[in-house]
Amino acid sequence: MIRQMTKVFKFRVFVSALLLALLALSIPVASQTEQQPDKSDNPALHQALVDLTNPWTVMCVAAHPDDEDGSTLTVLRRKYGVHTVSLFSTFGEGGQNAVGPELYEDLGVIRARETMAASEVQGSEPYFLGFRDFGFSKSAEETFRAWGEKELLRRMVLYIRRLRPDVIITNHDTTSGHGHHQATGRMILEAFFDAADPAKFPEQLNQVSVWQVKRLFVRNRGQETSTGKEAPPQIVTIDPNETDPVRGTTYAQQALAALHKHATQGPWPKTIPAGGARPIRYGLVKQATSAPPLPADAKTPVDGLTLPDAEAARLVAPTIEGKPLTQFLDRRLELLVALLSSKRRGGFTAPKDVVDTDPHRFKLMAQRLDNALAVTAGASVAINSAGTALVPGEPARLNATLTNSGMAEIVIKQLKFRGLGVEQKLDAADKMLPGTDTAAAVNVTVPKNAAITVPSAEHLYDGLLFGQSLKIKADVVVDGANFSVVTEIKRDVTPPVEIVRVDPAIYVTTPATSQKPLEFKVRLVNHQATEFKGLVRIVGATLETGREISLMPHSSDVVNVSVKTMPVSKRRQPQSEVDVTVDLPIPKNPINKRAVPLIYADASVAPDLTVGYIPSFDETLAQSLSALGVEAKQLSVADISSGDLSKFSTIILDNRSYEAHHELIPVNDRLLKFVEDGGTLLVFYHKTNEWNPDERQKRPQLAPYPILLGDNRVTEEDAPIGFLQPRHPLLNFPNRITQADFVNWIQERGLYFPREWDSHYTALLTTNDKGEQPLHGGLLVAPYGKGNYIYTSLVWYRQLRAGIPGGYRFFANLISYGKGKPDASASSTP
Ligand SMILES: [Zn+2]
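Since the model is a prediction, treat every value here as computed from it, not as a measurement.

How do you make sense of a positive patch on the surface when you look at a structure like this?
A grouping of Lys363, Arg418, Lys471 and Lys490 is seen on the molecular surface, where their side chains present a positively charged patch. Here Lys490 lies in strand E18 (residues 481–493). Since its relative accessible area comes to 38%, Lys490 is described here as partly exposed.

I tried to follow empty space enclosed by the protein on my own but got confused; where do I start?
With a probe scaled to a water molecule rolled over the atoms, the places where space remains empty come into view. Evaluated as defined, the whole model comprises 4 cavities of 30 Å³ or more. Lining the largest cavity are 15 residues, and of these Asn97, Leu103, Phe617, Asn655 and Tyr797 sit closest to its centre. Considered class by class, the residues forming the lining of the largest cavity number 5 nonpolar, 5 polar and 5 charged.

Looking at this structure, I do not really get the coordination of the zinc ion. What am I missing?
In ideal tetrahedral geometry, four donors around a metal make angles of 109.5 degrees, whereas ideal octahedral geometry with six donors gives angles of 90 or 180 degrees. Around the zinc ion, the protein contributes the donor atoms His64 (ND1), Asp67 (OD), Asp67 (OD) and His181 (NE2), at 2.1 to 2.7 Å from the metal centre. Metal-centred angles of 53 to 136° between the 4 donor atoms at the zinc ion mark the site as irregular. Looking at His181, the relative accessible area reads 18%, which means it is buried.

So what exactly am I meant to see when it comes to the packing of helix H7 (residues 149–163) against helix H8 (residues 179–194) here?
Helix-helix packing is described using two parameters, namely the angle between the two axes and the distance between the axes. One can describe the packing of H7 onto H8 by two numbers: an axis separation of 9 Å at closest approach and a directional angle of 55°. Compared by their axis directions, H7 and H8 come out oblique. H7 and H8 meet at a crossing whose hand is right-handed. In this structure, H7 uses Glu149, Leu152, Leu153, Met156, Val157, Ile160 and Arg161 to contact H8, whose residues at the interface are Ala183, Thr184, Met187, Ile188, Glu190, Ala191 and Asp194. Grouping the amino acids of the contact of H7 with H8 by side-chain chemistry returns 9 nonpolar, 1 polar and 4 charged.

What should I look at first to understand the side chain of His661 in this one?
Among the structural elements, His661 can be located in the loop between helix H16 (657–660) and helix H17 (668–676). There is a polar contact of 2.8 Å between the side chain of His661 and the backbone oxygen of Pro615.

How should I be thinking about the sheet that holds strand E7 (residues 280–287) in this particular structure?
Strand pairs in the sheet, formed through backbone hydrogen bonds, run parallel or antiparallel to each other. In space, the 7 strands of this open sheet follow the order E3-E2-E1-E4-E5-E7-E6, with mixed pairing throughout. Strand pairing shows two members of the sheet lacking a second neighbour, strand E3 (125–131) and strand E6 (235–238), which therefore form its edges. Geometrically, the sheet is characterised by an average inter-axis angle of 25° between neighbouring strands, direction not taken into account. Relative to E3, strand E2 (residues 83–90) is paired through 5 bridges, and the arrangement is parallel. Paired with Thr90 across the strands is Phe131, a residue of E3. Lying on the sheet, H7 is in contact with strand E1 (57–62), E2, E3 and strand E4 (167–170); it crosses E3 at an angle near 155°. The strands that H8 touches are E1, E2, E4, strand E5 (215–219) and E7; relative to E7, the one it contacts most, it runs at about 45°.

Can you help me understand the packing of helix H3 (residues 42–50) against helix H12 (residues 359–377) in this one?
Contact geometry for H3 and H12: axes closest at 9 Å, N-to-C directions at 150°. Looking at the two axes, H3 sits roughly antiparallel to H12. Here H3 and H12 pass one another in a crossing that is left-handed. Facing Ala44, Leu45, Ala48 and Leu49 of H3, the residues of H12 in contact are Asn371, Ala372, Val375 and Thr376. Within the contact of H3 with H12, the residues separate by chemical class into 6 nonpolar, 2 polar and no charged.

Would you mind going over the sheet that holds strand E21 (residues 518–526) with me for this structure?
One open sheet accounts for 3 strands, arranged E19-E21-E24; its pairing is antiparallel. One side of each edge strand has no neighbouring strand; the edge strands of this open sheet are strand E19 (497–503) and strand E24 (556–563). For this sheet the average axis-to-axis angle between neighbouring strands, irrespective of direction, equals 30°. Pairing geometry for E19 and E21, over 6 bridges, is antiparallel. Within E21, the position partnered with Glu498 by the bridge is Val525.

How do you make sense of the pattern of salt bridges when you look at a structure like this?
Side chains that differ in charge, positive against negative, can pair when their charged atoms come close. Evaluated as defined, the whole model comprises 32 salt bridges. The shortest N-O distance in the salt bridge between Glu151 and Arg155 comes to 2.7 Å. Of this pair, Glu151 and Arg155 both sit in helix H7, 4 residues apart, roughly one helical turn. Where Arg361 meets Asp166, a salt bridge forms, and the shortest distance between an N and an O atom there is 2.9 Å. Here Arg361 is found in helix H12, whereas its partner Asp166 is found in the loop between H7 and E4, with 195 residues between them in sequence. The two residues Arg361 and Asp166 agree in class, both being buried.

Which parts of the structure should I look at to understand the nonpolar core?
Nonpolar side chains in soluble globular proteins generally cluster together in the buried interior. Within the largest apolar cluster, 75 residues are counted, with the highest numbers of intra-cluster contacts made by Leu49, Leu52 and Ile472. Per-element tally for this core: the top contributor is H12, with 7 residues. Setting aside its immediate chain neighbours within four residues, Ile472 contacts Val381, Ile383, Ala400, Leu415, Lys416, Phe417, Leu426, Val442, Val485, Val486 and Thr487. Core analysis: the next-biggest nonpolar cluster, separate from the first, contains 43 residues, Val508, Leu621, Ala627 and Val781 among them.

Which parts of the structure should I look at to understand the pairing of strand E28 (residues 631–634)?
As a general feature of sheets, a regular strand has side chains that alternate between the two faces. Alignment of strand E27 (residues 610–614) against E28, held across 4 bridges, turns out to be parallel. Bridging across to E28, Tyr613 finds its partner in Gln634. Each parallel crossover has a hand, and for E27 linked through helix H14 (residues 620–627) to E28 it is right-handed.

The rules behind each value
Residues numbered from 1 in each chain as written. Predicted model: local features only at pLDDT ≥ 70, side-chain atom pairs only at ≥ 80, totals over all residues. Heavy atoms only, no water. Patch = residues over 30% accessible without salt bridge, like charges linked within 9 Å, V, L, I, M, F, W, Y side chains within 5 Å. Areas by Shrake-Rupley, 256 points an atom, 1.4 Å probe, with all protein chains shown as cover. Salt bridge = Lys/Arg side-chain N within 4 Å of Asp/Glu carboxyl O. Lys, Arg positive; Asp, Glu negative; His and termini not counted. Charge placed at Lys NZ, Arg CZ, Asp CG, Glu CD. Helix = DSSP H or I, 4+ residues; strand = E, 2+ residues; numbered from the N terminus. Buried < 20%, exposed > 50% of the residue type's maximum accessible area, 1.4 Å probe, protein only. 1 Å grid on protein atoms, 1.4 Å probe; cavity = no way out; pocket = protein on both sides within 12 Å on 5 of 7 lines; lining within 4 Å. Points joined across faces, edges and corners; volume = space filled by probe spheres on them. Nonpolar A, V, L, I, M, F, W, Y, C, P; charged D, E, K, R; others polar. Donors = N, O, S within 2.8 Å, 3.2 Å for Na, K, Ca; no water. Tetrahedral: all angles 85-135°; square planar, octahedral: opposite > 155°, others 65-115°. Axes fitted to C-alpha atoms, helices over the stretch in contact; angles between N-to-C directions. Parallel < 35°, antiparallel > 145°, perpendicular 65-115°, else oblique. Left-handed = near helix turned anticlockwise from the far one by under 90°. Contact = heavy atoms within 4.5 Å. Polar contact = N/O pair within 3.5 Å; in protein donor to acceptor, adjacent residues only side chain to side chain. Pairing = 2+ DSSP bridges. Core = buried A, V, L, I, M, F, W, Y, C linked by side-chain atoms within 4.5 Å. Right-handed = clockwise from strand over helix to strand, strands pointing away.

Written as structure tokens, this is what we have:
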């Protein structure tokens, strides 16, 4: 034993001597390293080194993706090496989608991925509390009703205890903006002290320990929030306009690049304004009694924080000749020697007496030292998977590659895989020379009972959103210093044949279409390494059909399946369900299944309608018009500018059309001419800044008579609806609209309600959230020339998409307006 140790010791001395000898060679190290092509690694290397200088964790608390303060997170991590995490109350799934058709949970999946991408740019780690984003809410109370006030507090406390931030920052105050923002802003103030109180949520203490955050800062937007009795809060100002010397851009530019990752919430500004981004001011609103005072000249929210001497002494970053390692980016050998020496001396390991009080900080800093060693030594691991998905019962087909792109020999002590409930030591070479790599197969079969993680939208809240975690850890030795190199990827676990998508996802029929066969498009992927032969079936209470399919290994296909009508009496049940299944050749043994709601809406349209429509972000209009049995054509901007519009009785502009198709604005006169000549133009909601006249945007008044939008919304989806003109034909033909048509709406009633409109318009509906003024502009209609113009800020598209029968009945009246023959008694409008 002693002999062995001596040998190791001698070897180490030898290698150290060799490294130092290299350094001492007459060839200047700088010129030697200039030949290295890996200058592009400098940001990673710089980050790994600056991370060693900062033991603090800052948590940014936000209600939705894009509410995080990306500028401050970027400055804190990139410039100062602060460990930064962000905590989101929701996935933002209740918002609108600026780039694609996905909404609700599907949108949540995309926003979660966007947030991951943005966090990577910011250098922060995102965490999600997983509350449902049920859409815009006006008050914290409405939010608490949906989420549970105590549950919000419980989850915040748990994440504070788990992640142990020294400082919390948030953009949200307790009184302004979105109700989700207010609720998040209010509850984090309570969580600040509750996380340190063992009497609060004691059941968590089995997993985590209590934790006292030192300081809490709330974004200060200029207006003083204090009541006048209290002194205004102490302020820290973060200026993101400084240029990052390593990346060559300002921190504000980096934060903007991160914001661009939140693409579904765009459009974002393309560049930082010429005068620079506005500095960010944070007010100190809470501090622990044990926290040192915030220095008057603090540049960051962690300035002035201190650790007990015994801890601080162990957390001193290594240096070279007393200078920070970041000054030696192009002298890797010297860096490596300094880091190896720190590691051998037990750098960043907890002294015995603090093992129990602050282990998290030491674990984090020890990981940072290992990461700095790995980056400097050029050691990295990767997991490669032959397929993109994992199928229960099948081999995982993974392998690990360990690469040495550095200058020193790497001894491999152990290479280990962990994932899918399996731990496995991998066979690998026992050492690697510079410039080599070594691969090892992971011989793992995906357990038969591994949890399926697709479709992702069904796993937004259960922790399987990004798939199953697969990790490789390499324990290595360089020049006598032991450290670990780790990597983690996530992979979906799928059924052997996945039903990726069924169109339509909700099947609506009406009197005009209830006798037609049901037609489905089913998108399938065979994740197996063998051909799949089997059946796709549609199975309902009174119908069944099947179709043989065959899918090549690892291939996808879209299969059309239709099933004939069933007796009308059955079909007119307001709601039932069919299953789309994939079966092995012996039927009734489905290996995968997707339920499709089947909804009957008693909605009729005027005879002989021909509808043209311009979709914005999804296929709702096409599917709804098809459900109504209407002859319909999708129009392009070119069709509007130069096509023959006289063949259409009605044209529909989908929500936010003028934003989705800017080119519509210059040809808008053609649409108004279409109305003048006798057509009906139906325009769905727009945002204020996409609609109101704006000379700089070259946007005139878009309606034939002025409509100016405001910012009012009605967010309660069950807010009462009043009929201002109950006998108006639009409310009576072809379908007689009643209160029943406004039952079971989802999400909200409407948004960006008009605040002013010309007297040519008739306002038909009134609605408002509890305790607010009635809004009359939700549905405006005006005759213009021989035709009619309708603007509506109610969210018809959400109701149509969700298969709400009342939505179909009202939509049928909207597209029928001015056509056919309204009931005589209803046509006498005031
Ligand atoms: Zn928000």
